[in-house]
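Spelled out from the first residue to the last, the chains are:
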Amino acid sequence: MTEKVIGIDLGTTNSCVAVMEGDAPVVIPNRGGYKTTPSIVAVTEAGKRLVGHIAKRQAITNAENTVYAAKRLIGRKWNSPQVKNALMTSSYSIVEGPHADVRIKLRDKTYSVPEVSSMILQEMRVIAEDYLGHPVSKAVVTVPAYFNDNQRQATKDAGAIAGLDVIRIINEPTAASLAYGFGKDLDRTVAVYDLGGGTFDISILEIGAHGVFKVVSTTGDTFLGGEDFDARIIDWLVESFKEEHEIDLRQDRMALQRLRDAAEKAKCELSSVKETEINLPFIISTGRNEALHLQRTLTRQVLEGLTEDLVERTVDICKQALDDAKLGVDEVEDVILVGGMTRMPSIQKAVTDFFGREPSKSVHPDEVVALGAAIQGAALVEDKHEMILLDVTPHALGIMTFGSYFEELIPQNTTVPTSRTKVFTTSRDDQTAVKILVMQGESKKADENELLGEFILTGLRRAPKGHVEIEVTFEINTDGIVSVHAKDLETGQAQSIQVTATSGLTQDEIKSMMENAKDYMVERRHDEEFEGLKQQAESLVAEVERLFPDVERVVGGADFGRDAMSKAKRIVEATQAAIAKNDTAGLKEQVEQLQRTERMFKGVVARS
Amino acid sequence: MPPSEEGQLPCPVAGVDMRSLPIGPEEAFVLTRVDGRSSEADIAAATGLDPGRVLQSLRRLVELGAVRYDKVAPSSPPKHERSSVPPGVRISHPVIETKPVQHPDAEHPAAALYDPAELDEDVDLDLPRRRKVLDYFYRLDTATHYELLEVSTQSEKKEIKDAYFKIVGVFHPDKYYGKNLGTFKTKLERVFQRLTEAQEVLSRKATRDEYDAYLESQKRTKRLEQAFRGQSTELEAVRRRIEQEARISDRASHAPPSQSTPPASDPEERRRSLARKLRGSLAPPARNSAPPPEVSRAAIQEHVADELKRRYESRLSQARESQVKKYIEAADASMATRDVISAANALRIAVTLAPDDAALKARFDDAQEKASALLADTYLEQAKYEETNKHWAEAAATYEKVSRGKPSANVFDKVASCLYEGNGDLRKAGDMARKAVALAPKSVEPRLTLAKIYVKAGMKESALAEFERISQMAPGDDTVKDWIKRLKRGEV
Ligand SMILES: Nc1ncnc2c1ncn2[C@@H]1O[C@H](COP(=O)(O)OP(=O)(O)OP(=O)(O)O)[C@@H](O)[C@H]1O
Ligand SMILES: [Mg+2]
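Treat the numbers as computed from the prediction; the structure is a model and nothing was measured. (Residues numbered from 1 in each chain as written. Chains lettered and ligands numbered in written order. Predicted model: local features only at pLDDT ≥ 70, side-chain atom pairs only at ≥ 80, totals over all residues. Heavy atoms only, no water.)

## Comments concerning the overall build of chain A
A count of helices and strands for chain A gives 13 helices and 28 strands. By its C-alpha atoms, chain A is 105 × 70 × 55 Å across when sized along the principal axes. Considering chain A as a whole, with its 608 residues, one finds that 57% of them fall into the buried category. Within chain A, contacts between residues separated by at least 24 positions form 67% of all contacts whose residues are at least 6 apart in sequence. Entry remark: accessible area of chain A is about 26,200 Å², with carbon and sulfur atoms responsible for 48%. Each charge sign in chain A was given a centre, from 71 positive and 94 negative side chains, and these centres are 4 Å apart. (Helix = DSSP H or I, 4+ residues; strand = E, 2+ residues; numbered from the N terminus. Buried < 20%, exposed > 50% of the residue type's maximum accessible area, 1.4 Å probe, protein only. Contact = heavy atoms within 4.5 Å. Areas by Shrake-Rupley, 256 points an atom, 1.4 Å probe, with all protein chains shown as cover. Lys, Arg positive; Asp, Glu negative; His and termini not counted. Charge placed at Lys NZ, Arg CZ, Asp CG, Glu CD.)

## Details of the overall build of chain B
Within chain B, the secondary structure is distributed over 18 helices and 2 strands. At a minimum sequence separation of 6, the contacts of chain B that also span at least 24 residues come to 66%. When the accessible area of chain B is evaluated, it comes to approximately 25,900 Å², of which 53% is carbon and sulfur surface.

## Here we look at the packing of aromatic side chains
Residues and elements named next belong to chain B. Evaluated as defined, the whole model comprises 12 aromatic pairs over all chains. In this structure an aromatic cluster arises from ring pairing among Tyr-146, Tyr-211, Tyr-214 and Tyr-385. One Lys or Arg, Lys-187, reaches over the ring of Phe-184 and ends 5.4 Å from the middle of that ring. (Phe/Tyr/Trp six-rings, centres within 6.5 Å; stacked < 30°, edge-to-face > 60°. Lys NZ or Arg CZ within 6 Å of the ring centre and 35° of its normal.)

## Regarding the packing of helix 11 (residues 507-555) of chain A against helix 12 (residues 559-581) of chain A
Residue and element names in this part refer to chain A. Their axes nearest at 10 Å, the elements helix 11 and helix 12 cross at an angle of 160°. Judged by the inter-axis angle, helix 11 sits roughly antiparallel to helix 12. Read as a crossing pair, helix 11 and helix 12 show a hand that is left-handed. Together, Phe-530, Lys-534, Ala-537, Glu-538, Val-541, Val-544, Glu-545, Phe-548, Val-551, Glu-552 and Val-555 of helix 11 and Phe-560, Gly-561, Arg-562, Met-565, Ala-568, Lys-569, Val-572, Thr-575, Gln-576, Ala-578 and Ile-579 of helix 12 make up the contact between the two elements. When its residues are assigned to classes, the contact of helix 11 with helix 12 shows 13 nonpolar, 3 polar and 6 charged. (Axes fitted to C-alpha atoms, helices over the stretch in contact; angles between N-to-C directions. Parallel < 35°, antiparallel > 145°, perpendicular 65-115°, else oblique. Left-handed = near helix turned anticlockwise from the far one by under 90°. Nonpolar A, V, L, I, M, F, W, Y, C, P; charged D, E, K, R; others polar.)

## Section: the nonpolar core
Considering soluble globular proteins, one finds that nonpolar side chains tend to be buried as a cluster. Residue and element names in this part refer to chain A. If you look at the biggest cluster of nonpolar residues, it comprises 51 residues, and the most contacted ones within it are Tyr-193, Ile-202, Leu-249, Ile-278, Leu-294, Ile-347 and Phe-355. Not counting residues within four places of it along the chain, the set of residues in contact with Leu-249 comprises Val-238, Phe-241, Ala-255, Leu-256, Leu-259, Ile-283, Ile-284 and Leu-294. Core analysis: the next-biggest nonpolar cluster, separate from the first, contains 48 residues, Leu-50, Tyr-68, Trp-78 and Tyr-111 among them. (Core = buried A, V, L, I, M, F, W, Y, C linked by side-chain atoms within 4.5 Å.)

## Section: the site of ligand 1
Residue and element names in this part refer to chain A. Taken together, 19 residues lie around ligand 1, and Thr-12, Thr-13, Lys-71, Lys-267 and Ser-271 are the ones closest in. Thr-199 places a main-chain nitrogen or oxygen 2.9 Å from an oxygen atom of ligand 1. Contact between ligand 1 and Lys-267: an oxygen atom at 2.7 Å from a side-chain N or O atom of the residue. Contact with the protein chains hides 91% of the accessible area of ligand 1, taken as 650 Å² for the molecule alone. When residues in the shell around ligand 1 are grouped by element, the largest group, 3 residues, is from helix 7 (residues 253-269). (Near = heavy atom within 4 Å. Polar contact = N/O pair within 3.5 Å; in protein donor to acceptor, adjacent residues only side chain to side chain.)

## Focus on unusual backbone geometry
Residue and element names in this part refer to chain A. The residue after Val-416, namely Pro-417, is reached through a cis peptide bond having omega 0°. If you trace the backbone, Pro-417 turns up in the loop between strand 21 (405-410) and strand 22 (418-425). Phi at Lys-326 takes a positive value of approximately 55°, unusual for a residue other than glycine. Mapped onto the elements of the fold, Lys-326 is located in the loop between helix 8 (300-325) and strand 18 (334-338). For Lys-326, a relative accessible area of 57% gives the class exposed.

## So, the interface of chain A and chain B
Listed by partner, the interface residues are 45 residues for chain A and 35 residues for chain B. Carbon and sulfur atoms supply 50% of the area that chain A and chain B bury against each other, a total of about 3,200 Å² over both sides. Across the contact surface, chain A and chain B share 4 salt bridges. For B:Glu200, the salt bridge goes to A:Lys214, with nearest N and O atoms at 2.8 Å. Counting every contact that joins chain A to chain B gives 8 residue pairs in polar contact (both at pLDDT 80 or more). Among the elements of the structure, strand 12 (165-171), strand 14 (200-208), strand 15 (212-221), helix 8, helix 10 (368-381), strand 19 (388-390), strand 21 and strand 22 of chain A are those that each provide at least two residues to the side of chain A that touches chain B. Among the residues making up the side of chain A that touches chain B, the classes are represented as 18 nonpolar, 12 polar and 15 charged. (Buried area = accessible area lost by both parts, 1.4 Å probe. Salt bridge = Lys/Arg side-chain N within 4 Å of Asp/Glu carboxyl O.)

## Digging into the pairing of strand 15 of chain A
All names here are of chain A. For strand 15, a buried count of 10 out of 10 residues is recorded, marking the element as mostly surrounded by other parts of the structure. Looking at chain direction, strand 14 and strand 15 are connected through 9 bridges and run antiparallel. Note on strand 15: the bridge partner recorded for Leu-205 is Val-215. Hairpin geometry of strand 14 and strand 15 is characterised by an intervening segment of 3 residues between the two adjacent antiparallel strands and by a positive phi of about 60° at His-210. Bridge count for strand 15 against strand 19 is 3 bridges, and the pairing is parallel. Residue pairing in the sheet places Phe-213 in a bridge with Leu-389 of strand 19. (Pairing = 2+ DSSP bridges.)

## Side note on the sheet that holds strand 9 (residues 102-106) of chain A
Strand pairing within a sheet occurs via backbone hydrogen bonds; the two strands may be parallel or antiparallel. All names here are of chain A. Read across the open sheet, the 3 strands follow the order 8-9-10; overall the sheet is antiparallel. The open sheet has two free edges, formed respectively by strand 8 (93-96) and strand 10 (109-112), since each of these has just one partner strand. Recorded for the sheet is a direction-independent mean angle of 40° between the axes of neighbouring strands. The pairing of strand 9 with strand 10 spans 4 bridges and is antiparallel. Residue pairing for strand 10: Leu-106 is matched across the bridge by Lys-109. In this fold helix 3 (residues 113-132) packs onto strand 9 and strand 10, with an angle of close to 85° to the strand it touches most, strand 10.

## Focus on the packing of helix 14 (residues 409-421) of chain B against helix 15 (residues 426-439) of chain B
Residues and elements named next belong to chain B. The interhelical angle for the contact between helix 14 and helix 15, taken along N-to-C directions, is 155°, at an axis separation of 8 Å. Taken as axis vectors, helix 14 and helix 15 run roughly antiparallel relative to one another. For the crossing formed where helix 14 meets helix 15, the hand is left-handed. Between helix 14, through Ala-409, Phe-412, Asp-413, Val-415, Ala-416 and Leu-419, and helix 15, the contact on the second element is made entirely by Lys-428, Ala-429, Met-432, Ala-433, Lys-435, Ala-436 and Leu-439. Tallied by class, the residues present in the contact of helix 14 with helix 15 amount to 10 nonpolar, no polar and 3 charged.

Read these as layout, nothing more, since geometry by itself doesn't imply function.
Printed below as a string of structure tokens:
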């Protein structure tokens, strides 16, 4: 049997893992029985790493060392506006990395963003392994459709650090459409509206015969999601508190974290009720040891007013997607809602109004993306599924030309895989290197687009100017990831390319982070084993000690009885010593001894 | 062969089927421009070929008997039907019908296009699959979007989508995940890309209309090009038909002319038979009176033969006249539907059959001029489509064709910039850009193209000089200033 491939929806707020069982994908619940796991990572005072619900629970008391919404930072450059924004609002500390990238400081260590994401991926992997009962090494990971190459590459790096072979990166809305239409033999044009915690995507797809899912257009905003709705509520609370007490709650990390929590809770509640109470006693203390409380009522109407423009922005983006697809709104035959935010009534209403139809109720907004990823994974490695996914590149790819202009090579919404070649010539005699700046974006001005890297063709053959012609191929693969290769047209030789100025991690960095992650996993598996043994040992010890008086009563008089009892005492002591020393091997041995002792004691008591 | 002597021009030799000649495209191209009126220099100008190469081609064509040098009186009518414009072909010919040629290997239309050894590559694909990939891959440049998707030009959007969805599974790389595909990988991807382009173009009304118009104009120009090649055959067929008609009506009333007097198709032979005819008409009338006894048997026989010949000739000229009339009618009909190209083509045949009709000649010249302009317009549409779709090499070639019918600064500039964009022949691009600049020395656009070509060719000084000229002409342009700055700093 081919190895199972898991599908992971690595969300801004929540992550979800699914796997194909037979012909249907299923979501795998975590140990707590939840189908989604918060995308939160924390490091405790004792240096212990926490991921998921357990990290979320301690977020308020450990705000500075709890990372949430790391996805908003992945693949971004230090000087980007989004990072500036996160710097202002995050309760954890964000610092500049060595490649003008972003690092996160937790306790005394700094982590790259892919590393933080890898911790979540690792958690999802463990959830799957526990469920399946065997190791998992292959995964399909989803990303927002509007992610650029840097963000995709960084996500892939996160997978690698987690020790996962990410066999494919797919777009979240596309994955959702797979789960919606897989095996149903549909023939229709659908729109997928995905508003999650951090990003907004809209994709228009044609689903048709032979299991083909073809994306016609996709667009979005990678910095528009539930977090921004929460921020509006926080602003509202902070401002009114300032007016009342002249205190800026933002200055206090713990207060900020509590506000964040309360805001999200209120937002979710207002999806089902018309008004809710936000109650945060002892939110802050003033200089004179006097505690202040925050108590306010938020109505759905006020919330809708605070976030109206955000909802409108998503509608404008929907318009754009239809324009790009050259389709009229009446040609869309079904609308699929994805992401927790689509539970908000004002969003449902906006979508219904815009598309002129009620959205489909057939998919679960939190699970559908992971399900789709699992379907894609199975379709790739198993031949039996008739399914083809044709996705597009969300951004135009091009190079910088004279006067800092952007020369487009591959337009937006081109079906991938795709490639384009261009010939470069030398402009000086004996020129040995040519520099190409590759970028993605929609602006005519190069500096308004996202620089993917400087590709330097090196070691060119020496010849008079214009005599060396290098054919450079720009390729976007099915992951939506860009690669560039080059060959000398005359000699046909492949040309080496040096890539610089990317914000991504180097291979060496990835390798060392991978090693760290592996060490952590070994340690963690070891800790888990030790923890299990400890619990087992402790209950055995308790049982043995409980039986002690009875055994003494029955055989305490005999020599062999006294021997057995002192031996049992020694085992209990050795067990406690092994626990104290964190000695797994020793503990394992003692557990076996304890089991034998317990059996014997029980036998003695029973025979009496 | 030295350049032609004073008063001698290359002329096409009648009745030579161009397709049967062992010549290459360049010679064929030269041959199509040989019309008995153009000098080698004219031909070089018309074809855009180097004069030396034109001479070389002409030499070979003379060797092959397809072209001869002839003295031409300035007022004499053209020696033959060829001219600088490819004639149109009417779909319904007055005389012969064209039948589409059935492809010998209809099942694998591309089979002849690749080396079968390519099928032997060691890859994880079975033979039918490999064959399919190659069949598609090697037809990418010639097949239309419709042909690739195997849909008709009338197919609805839905049919096109279904056809695409059906075929795309064969060519999408995901179907071969983890398999060794060797050189088939890039082939698959190329086919996939093209199929996708085909579906996308055909499934949107605007792009499909554009594409249809492009195909239509391509078909038109192709027809014209074909007509070029088919010209002598058609003319031959008409001539044969004329002779056949003359003979058939002959047979109806008389014995057929003896085998020894074949119909005269060669002008020399025709002249000789005319001489004989004249001699015969001087002889005493032989029709109703018995031959005088003193006349020898041989003389009588000759007389009878001459008489038969005379009648045959007259029927021949009648048949010819009727064909000329048919062609003129066909031309009128074509003109009525504004099909200038077919009209010019029909008139061309008429003129060849009746070379002494000056009025007809004038009409033909007029139609030809119109056709030439129309053809240039058709090519222009085609070129624009190719340009907007970034098929640079094709666009450059088509713009060049436009430039032959309607030369202008803009068109030369287009040839140059398409060559530039498509990484084509930079020297030629430079020539074209210079032509454009020469025609419109005051406009900026061609100069900008030229300057960029200089940059690309590494001719920094020329580029700088050109940019400075542009900068004087358009002092406000920051991009040009930027170029100059960078060129001076040596950043290019
Ligand atoms: N009932 C609800 N009403 C309103 N908002 C909700 C509700 N339930 C969840 N949300 C919001 O949905 C967001 C999380 O959605 P989801 O889990 O789909 O995001 P994600 O997949 O983690 O993020 P992304 O897809 O953007 O990376 C959060 O902002 C959460 O507050
Ligand atoms: Mg999501």
